[in-house]
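# Working through the structure, step by step
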Amino acid sequence: MGETEKIETHRIRCFSKLKMFLLAITCAFVSKTLSGSYMNSMLTQIERQFNIPTSLVGFINGSFEIGNLFLIIFVSYFGTKFHRPRMIGIGCAIMGLGCFLQSLPHFLMGRYEYESTVLGNLSSDSFLCNENGTQMFRPTEDPSECVKEVKSLMWVYVLVGNMIRGIGETPIMPLGISYIEDFAKSENSPLYIGFVETGAIIGPLFGLLLASFCANVYVDTGSVDTDELTITPIDTRWVGAWWFGILICAGVNVLTAIPFFFLPKTLAKEGSKDNADIVKNDKEEKQKEVKKENNGITKDFLPFMKSLFCNPIYMLFMLISVVQFNAFINMMFFMPKYVEQQYGKSTSDAIFLIGIYNLPPICIGYIFGGLMMKKFKITVKQAAHIAFWLSFIDFILYFSCFFMICDDSSVAGITTDYKGMQQELYIGNVILDDCNLGCNCPTKTWDPVCGSNGLSYMSACLAGCETFVGTGVNMMFHNCSCIQTSGNSSAVLGLCDKGHDCSMMLQYYLILSSISSFIYSLSAIPGYMVLLRCIKPEEKSLGVGVHAFSTRVFAGIPAPIYFGALMDTTCLHWATFKCGESGACRIYDSTNFRHLYLGLPAALRGLSYIPGIFILIILRKRPLPGENTTSGAMPIEAKVTGNECQEMDQTSKVSSNDVLKTKM
C-alpha cells in the first residue's frame, strides 16, 4: 500500500470514528435528557408520595444542579487534558447509579396511604353525615403515631440520588461539544451540534411518554387491589409508579456508557487531505502533553478565566442565559402542575400532551437552525440578530397565554360558598355550613365528591350525604342535604369536570405552546454559536463550563426553590398528617397560580433583552476578526477588547471573501 493510500485510509478511519462519536454522544444526550425529563415530570408524584411542599420538591430538583456544580469547572478545563470519551462514559455510568439510588425509597418504605374518609369505614357508614357518629381523622398528639410519619424522610434518597446523577451528567455537555468543535470542520460543527441537540429533544420525548405511562399506573400496583381504590389518576392524591421509570433510566444510562470506552482520545481534523495535517494534529497534541508535564496542568487556568471575564460579549451572553434560564426552568419544571391545576387534567394526560405538542416542534427547530447556519454561511453578527429577533417574536406570542384560562374549580367552603357563589378570599373555618353542622364531619380531610348540582365538596360528609351504593371509584352517594337540586341530590367521587370550554382553552394553549417552542428552538443554535465563536479555541471548553456553572448557580438551583415557595403561597388546602402538620397541597387558587406561573417568567424574559441589545451594539461597532483584512491572511488574534469572536482555524490562508465562510 502506497503512502497516499495509507493517508487516505487513516483519514477515512478518523472520519468514521468522528461519526461514531457523534452517534455515541447523541445517545448520551438522549439518555441524560430521558432521565432529566422523566424526573421533572414525576415531581408532582414525588411531592404526593412523600407528602412534602412544592418548595421542598424544588430543592430536590435543584440538587441535580448542586451535584453538577461539584465538577463542572474542573471537568470543563481539566477534562480536555485527559481522555474525553472515557470521561463521558464514566459520567453516564454514574448517572445510572444515581437513578438506581433514587428508586430505593419505594422498596424501603411501606405502601402509600392517602387520606380518605371512606377507606376502612365502609361497614360502619361513619364517613357519611351521621349526627351520632364520631369525627374521623382528628389530628393526634400520640408520639407513637407521629413516629410513623418519619417514612416521609425517605425523600432524602431521591435528593442524594439526583445529586449523584448531576455529578455524572457533568462531562457530557462541555467535553462532548468541545470534542466536536476540535475535530469537525468549522462549517459542519453547527449541523453536528444541531443533531446532538436533537438527541436532547428525543430523550425528553421518550421520557415524557414513559412518565405519562408510569403516572397512570398506581404506585403500589401488584401489591394492592386497585379495584378497592377510591381515587383515579385525575385525583390530586393519586401517586403513579414513579420508581419504575427511574429504574429504566438507570439501565439506559449504563448501556449508553459502553461505546465511549472504545473511542480514541484524539482524531485528525475532519477534511484533512494530506499527511501533514494528520501529523500536525498529532504533534500539537504531543506538545500539549509536554507542556502539561513541564509547566503543570493549572498554569493557564487563571489567565483563561481572566480572558473570559474580560470578554464583554461572553459576559453579556452569560447574563442573558442566567435570566432566561430562570424563566424557562420555572416554566418547564412546573408545566405539568399548571396544566393539572388550570385545566383539570391528570398528571398522566398533562405529561403526554406536553410531550406531543412541544417536543416535535423543538426537534424540528434545532435541525432547521443547524441547517440554516450551514447552508447560508451565517456570520456571528447575523446569528446574533437571528437569535435575538426570533426569541423576541416568541416573547410577544407568549402573552396570548394570559387569555387562555379556565375558572377555579368550584369547591364549597374553599373557592365558593355552599350556594355556589365565588368567595373573594378563603378565610379560616368556613368549610362548615348549616346543611352539615350536625354531621360531625372531619374538616381537614381531602376526599372530594362532585354533586349533581355541579359543585364539588371536600367530602361526602360535608356534602351532607347519608347513604351510598357501589364500591371503589364507582361509589355514589345519595340524600345529600347540601346539594340543592330539583331531583335526587347525589354525588360521585372526585372533583367536578371543568367542562368543554376549558378543554378548548387547553387546546388553544397547547397549540400556541407548540408554535412558541418551534420559534424559540429555531433561535437556539444561532444563539449558541455566538457563544462558541466568541471564545478563543483554547478557552472554548472552559468557557462552556463556566457558562454552564453560572446558569446552574444562579438559575438551576435557586429557581425551582423560590418558584416552588411562591406556588405554595397560592395553596388553598393542604394535606394533613396524623400529628397535624401540613403535607402536600391538594388544591390551588387557579387565578393566582396562573398569574405567578405566567407573569414571573414574562418579567424575567423581558429583562433578558436588555443585555441582548448591548451585544448587538457591540457586534455592530466593533469589527470582527478578518472582516477588514485585505492581505488575504487570517489574523491570529482578534484586535478587539476581550478577543471576541475568535476564529476557529487561526492558521488558514484564505482570501477576504472566504473569511465569512469559516465563521460557521
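Residues numbered from 1 in each chain as written. Predicted model: local features only at pLDDT ≥ 70, side-chain atom pairs only at ≥ 80, totals over all residues. Heavy atoms only, no water.

With an unreviewed UniProt entry as reference, the chain is termed Solute carrier organic anion transporter family member, source organism Pipistrellus kuhlii. Listed under Sequence similarities (unreviewed entry) in UniProt, the entry text for the chain is "Belongs to the organo anion transporter (TC 2.A.60) family." (UniProt positions renumbered as here; feature names shortened; annotations may be inferred.)

### Quick look at the environment of Leu 69
If you trace the backbone, Leu 69 turns up in helix H3 (residues 54-78). Given the relative accessible area of 19%, Leu 69 is considered buried. Sequence separation of Leu 69 and Val 553 is 484 residues, and the distance between their C-alpha atoms is 7.5 Å. (Helix = DSSP H or I, 4+ residues; strand = E, 2+ residues; numbered from the N terminus. Buried < 20%, exposed > 50% of the residue type's maximum accessible area, 1.4 Å probe, protein only.)

### Points about the pairing of strand S7 (residues 582-588)
Two faces belong to every sheet, and in a regular strand the side chains alternate between them. Along S7, six of the seven residues are buried, which leaves the element largely enclosed by surrounding structure. Strand direction decides the pairing type here: strand S6 (residues 571-576) and S7, joined by four bridges, are antiparallel. Across the sheet, residue Cys 571 finds its bridge partner in S7, namely Tyr 588. (Pairing = 2+ DSSP bridges.)

### Points about the sheet that holds strand S1 (residues 449-451)
Spatial ordering of the open sheet is given by S2-S1-S5-S4-S3, a layout of five strands whose pairing is antiparallel. Single-partner strands in this sheet number two, and they are strand S2 (456-457) and strand S3 (467-469). Where S3 and strand S4 (residues 476-478) come together, three bridges link them in antiparallel fashion. The residue of S4 that forms the bridge with Phe 468 is Phe 477.

### Concerning the nonpolar core
In terms of nonpolar packing, the biggest core is built from 141 residues, with Ile 25, Trp 242, Tyr 509 and Tyr 597 touching the most fellow members. At eleven residues, helix H16 (residues 500-533) tops the list of elements feeding residues into this core. No fewer than three residues from each of domain 1 (14-116 + 151-280) and domain 2 (310-407 + 500-623) sit in this core. Not counting residues up to four positions away in its chain, the partners in contact with Tyr 597 are Asn 330, Met 331, Phe 334, Met 335, Tyr 338, Tyr 398, Tyr 509, Phe 563 and Met 567. Ranked by size, the runner-up nonpolar core spans 29 residues in total, among them Ala 412, Val 449, Leu 455 and Ile 587. (Core = buried A, V, L, I, M, F, W, Y, C linked by side-chain atoms within 4.5 Å. Domains from an automatic or database assignment. Contact = heavy atoms within 4.5 Å.)

### Some points on the packing of aromatic side chains
As enumerated under the stated definition, the model contains 27 aromatic pairs in all. Between Tyr 338 and Tyr 343 the ring centres are 6.1 Å apart and the planes differ by 85°, which places this aromatic pair in the edge-to-face class. The two residues Tyr 338 and Tyr 343 agree in class, both being buried. Measuring from centroid to centroid gives 5.4 Å for Phe 392 and Tyr 609, while their planes differ by 90°, and the two rings are edge-to-face. Taken together, the positions of Phe 392 in helix H15 (residues 380-398) and Tyr 609 in helix H19 (residues 590-621) put the pair 217 residues apart, joining distant regions of the chain. For Phe 392, a relative accessible area of 31% translates into the label partly exposed. Positioned above the aromatic ring of Tyr 398 is the side chain of Arg 605, whose terminal nitrogen or guanidinium carbon lies 5.8 Å from the ring centre. (Phe/Tyr/Trp six-rings, centres within 6.5 Å; stacked < 30°, edge-to-face > 60°. Lys NZ or Arg CZ within 6 Å of the ring centre and 35° of its normal.)

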